[in-house]
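# Residue-level structural notes
This is what each chain is made of:
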Amino acid sequence: MEYRFLSKKGIALFVTGLLKEFKVYGPVKKDGFSVYGEIASPSDLNLLHTPTHLSPKQYLFPPRETLLKFRNNNSENKTSIEPVAEAHDQVLFGIHPCDIHAIRLLDRVFAYGTPDSNYLKRRDKTLIIGIDCIPDKHCFCRSVNTMTVESGFDLFINDIGAGFVIEIGTQRGKELLSKYSKTRKATIREISKVADFKKKKIESFVASLNAEASTLPLIYSGSYNSPVWEKIGKICYGCGSCNLVCPTCYCFDVRDDINLNTAETERYRVWDGCLLEDFAKVAGGHNFRKTRAERLRHRFNRKFQYQVDKFGGLFCVGCGRCSRTCLVNINIAEVTNELIEESNKRP
Amino acid sequence: MSLLKSQISAHEGSFPYLPRLARIERITRLTEKERLFKIALDDKKELGHLSGQFIMLSIPGFGEAPISISSPPGRGYMFEICVRAVGNLTNALHSLTKGDMIWIRGPYGKGFPLNDIRGKDLLFIAGGIGLVPMRSLIKTVLNERPTFGKINLLYGVKSPDEILFKDEMSQWEGSGNISIHITIDKPHPEWKGHTGVVTTLMPPLKIDETKTAAIVVGPPIMYKYVIMSLGDKRISGHDIYISLERRMKCGLGKCGHCQINSIYVCQEGPVFRLSDIRYLREAI
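Residue numbers run consecutively from 1 along every chain, following the written order of its sequence. Here the convention is simple: chains get letters from A, ligands get numbers from 1, in the order in which they are written. Selection of residues for local features in this predicted model requires a pLDDT of at least 70, selection of side-chain atom pairs for listing and counting requires 80 or more, and totals for whole chains, interfaces and linings are taken over all residues.

## So, the overall build of chain A
- Helix numbers and strand numbers start at the N terminus; a helix is a DSSP run of H or I with at least 4 residues, a strand a run of E with at least 2. Helix and strand counts for chain A stand at eleven helices and twelve strands.
- Only C-alpha atoms enter the radius of gyration; for comparison, a globular chain is expected to reach 2.2 Å times N to the power 0.38, where N is the number of residues. Here the C-alpha radius of gyration of chain A, 22 Å, is about what a compact globule of 347 residues would show, namely 20 Å.
- Dimensions along the principal axes, computed over C-alpha positions, put chain A at roughly 70 × 65 × 40 Å.
- In chain A, which comprises 347 residues, the proportion classed as buried is 45%.
- Placing C-beta atoms from the backbone, we regard two residues as in contact once those atoms come within 7 Å. Counted over contacts in chain A with a minimum sequence separation of 6, partners at least 24 positions apart contribute 72%. Note on burial: count the other C-beta atoms lying within 10 Å of the residue's C-beta; 20 or more is buried, 12 or fewer is exposed, in between is partly exposed, and C-beta positions come from the backbone.

## A closer look at the pairing of strand 3 (residues 54-59) of chain B
Residue and element names in this part refer to chain B.
- Most of strand 3 is tucked away, with six of its six residues classed as buried.
- Sheet topology places strand 3 next to strand 4 (residues 63-68); six bridges connect them, and they run antiparallel. Within strand 4, the residue paired with isoleucine 55 across the bridge is isoleucine 67.
- A pair of strands is treated as paired once DSSP finds two or more bridges between them. Joining the antiparallel neighbours strand 3 and strand 4 is a turn of three residues, in which glycine 61 adopts a positive phi near 95°.

## Focus on the domain arrangement of chain B
Residues and elements named next belong to chain B.
- What the domain assignment lists for chain B is domain 1 (2-108) and domain 2 (114-277).
- The split into domains, and so the bounds of each, comes from an automatic or database assignment of domains. The C-alpha-based centres of domain 1 and domain 2 are spaced at 23 Å.
- At the interface, 21 residues of domain 1 touch 20 residues of domain 2.
- For the side of domain 1 that touches domain 2, the secondary-structure elements that each account for two or more residues are strand 3, strand 4, strand 5 (78-84) and strand 6 (101-108).
- The element that contributes the greatest number of residues to the side of domain 1 that touches domain 2 is strand 6, accounting for three residues.
- Residues are grouped as follows: Ala, Val, Leu, Ile, Met, Phe, Trp, Tyr, Cys and Pro are nonpolar; Asp, Glu, Lys and Arg are charged; all remaining types, including Gly, are polar. Class assignment for the residues of the side of domain 1 that touches domain 2 results in ten nonpolar, seven polar and four charged.

## Notes on the sheet that holds strand 15 (residues 271-273) of chain B
Residues and elements named next belong to chain B.
- Reading across the sheet, the seven strands line up as 10-9-8-7-11-12-15 and stay open at both edges, with mixed pairing between neighbours. Edge positions in the sheet fall to strand 10 (194-195) and strand 15, since each has one partner strand and no second.
- Taken together, the six bridges between strand 7 (residues 121-127) and strand 11 (residues 212-217) define a ladder with parallel strand orientation. If you follow isoleucine 125 over to strand 11, its bridge partner there is valine 216.
- Helix-sheet contacts for helix 4 (residues 131-143) involve strand 7, strand 8 (151-157), strand 11 and strand 12 (240-243), and the interaxial angle to strand 7 is about 160°. Axis geometry follows a simple rule: fit a line to the C-alpha atoms, using only the stretch in contact for helices, then measure angles between N-to-C directions, giving values from 0 to 180 degrees.

## Digging into the nonpolar core
- The term nonpolar core refers to a group of buried residues, namely Ala, Val, Leu, Ile, Met, Phe, Trp, Tyr and Cys, whose C-beta atoms join them within 7 Å. A:Ile129, B:Phe124, B:Ile215 and B:Val216 are the most contacted members of the largest nonpolar core, which totals 166 residues.
- Sort the elements by how many residues they give to this core and helix 2 (residues 97-111) of chain A lands first, with nine residues.
- Those residues in contact with B:Phe124 that sit more than four places away from it in its chain are B:Met134, B:Ile138, B:Asn152, B:Leu153, B:Leu154 and B:Ile215.

## Some remarks on the confidence of the model for chain B
All names here are of chain B.
- Each residue carries a pLDDT score, the predictor's confidence in it, ranging from 0 to 100. In this model, chain B carries an average pLDDT of 93, and 95% of its residues clear a pLDDT of 70 or more.
- Taken together, the stretch residues 6-11 has pLDDT below 50 and engages in seven contacts with residues farther than four places along the chain or on a different chain.
- Among the prediction metrics, the complex's ipTM stands at 0.92, with pTM recorded as 0.94.

## Notes on helix 11 (residues 332-345) of chain A
- By this rule, a helix spans an expected 1.5 Å times one less than how many residues it contains. Here helix 11 of chain A spans 20 Å end to end across 14 residues, near enough to the 20 Å set by a 1.5 Å rise per residue.
- Where the residues of helix 11 of chain A are buried, they touch helix 6 (216-222), helix 7 (228-235), helix 9 (292-311) and helix 10 (321-325) of chain A.

## A short note on the environment of A:Thr148
- Looking at the element boundaries, A:Thr148 is found in the loop between strand 7 (126-131) and strand 8 (155-159).
- Spatially, the C-alpha atoms of A:Thr148 and A:Leu105 are 15 Å apart, while their sequence positions differ by 43 residues.

## Considering the interface of chain A and chain B
- The interface is formed by 40 residues belonging to chain A together with 36 residues belonging to chain B.
- Mapped onto the side of chain A that touches chain B, the elements with two or more residues apiece are strand 4 (64-73), strand 5 (78-83), helix 2, helix 3 (117-124), strand 11 (252-258) and helix 9 of chain A.
- In terms of residues, the side of chain A that touches chain B owes the most to one element, strand 11 of chain A, which gives six residues.
- Of the residues belonging to the side of chain A that touches chain B, the class tally is 23 nonpolar, seven polar and ten charged.

## Here we look at the sheet that holds strand 7 of chain A
All names here are of chain A.
- In spatial order, the strands read 3-2-6-7-8-9-1-10; together these eight strands make up an open sheet with mixed pairing. Strands with a single pairing partner mark the edges of an open sheet, and in this sheet they are strand 3 (33-39) and strand 10 (184-185).
- Taken strand by strand, helix 2 contacts strand 6 (90-95) and strand 7, and its axis lies near 150° from that of strand 7.
- Sheet contacts for helix 4 (residues 171-180): strand 1 (2-7), strand 7, strand 8 and strand 9 (163-168); angle to strand 9, the most-contacted strand, approximately 145°.

The following block contains the structure:
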């Protein structure tokens, strides 16, 4: 790994440079929350070390995305069709390790089987600049092996107080860094300060899981009939907020919008959520996951068991966003720990 | 990342959600709610499906839905679907007439494994519109009748006016190729045949469990009971094939609606061998 040193002031120059070539998205403050937003100038950036409320998945997999356009020519009884895959060169700036892991999982999902050209095209035009972070009370990335990243970024920023130590992830990242900023090779002393930051990070965790990450799929598999599901099902509103904020929730609905003169129809996809009541309901009226308890169990299992079988790797990256967002304080780490405790009691 | 890069370049310019234009060639009213549509693909290229597979059908403005294919393979660019009017899209489809345009993606999913059932006695069990995808397989099987043993079809519907493909069934039966047993759920003044749910047709049936394959398609509620009855007949789970219905939005194993545990029904199904999913939670 190659390390470069960038001064505190140098970062603004670097972002200004990136803005010449790319749309840049990074953490900004909105209504008191830290979220990802588009950056117009370096001063918009709010490079906090604490987690953002929303994940950056929206820039690779937008909440609403056009897939097709139909155009009618009623006089000739003809319809033309045009596929749409919008993408622009973009930089995701200040992405935390958990979210980099999440993006790597989404990459696998959308490339799997029949590749999803809309996602892949956008992904291909995306550069990722990571930054290290300090956990809040909901973060438990350390328990699911996503606290650090070795790849999946173009550049990775470590704040060492006096400046930044930047890890080079790709050639493209290296070129952009040298094009738009003045860096020098980081000294051994500066690189050792990165380790100090990581030590501080480790000491800051409040939440953790009481089992090894590798044992979680089996624990979840054995917890299918746990009373925990009924317990949290009773308080869950079924609002789907957890699905929206989750960096690895990618389910979607496909819908049509017809314009008023009926000449044009847009087919688009929108984020959907498995916590919503109709998610698994078929036309005949049968609902395969009727109760909130069943839907919660499905979502939790998708994170810790089902998707692991299909794509490898836990789909919970420990970002804590679902717990942070839940209106009734259903806490994914606490729920998992309850299941672990039950599992430990089983003979 | 190298995997991703190669995937991108390999599929540059391909759009998995892009449907093909098709036109309605013929509409046949089967019951009050169900119509049979003969569809012709505009590009005159074959659909290339297997019995048991489905398409994603759409009408711009009314959306897209999975619809099973009712005709056997090998009819070039023509195929048939039988659709019950239950929602926005299916009601819109029923309002169309000959020559109108619809859009088709697919075929998707895994069909019935014809090679695994060849040479066997076949027991078809259909509930309601479950007969629709089954018709594709029955017609395929009848086309090569000598390669199969005894064939029985058990068909359960709610009332006599909901019986699909009446004329076709009497043709199939008339040729002595297949014996058909129909039941309706509750007594009906016009019905002189058997009454009761489809499983009540099972006990008198003589079945050689050592060489019978059962094919089951029906509403979600039906499977549990039919599977128990087939168990009573000692048919192994390895010889039972079922087609599972689920909500689907993409057909590509992405949108998540059809997921049962780690299985995507649109990819690994909709046809499953019972022994593969008997213990899969939430499947049956």
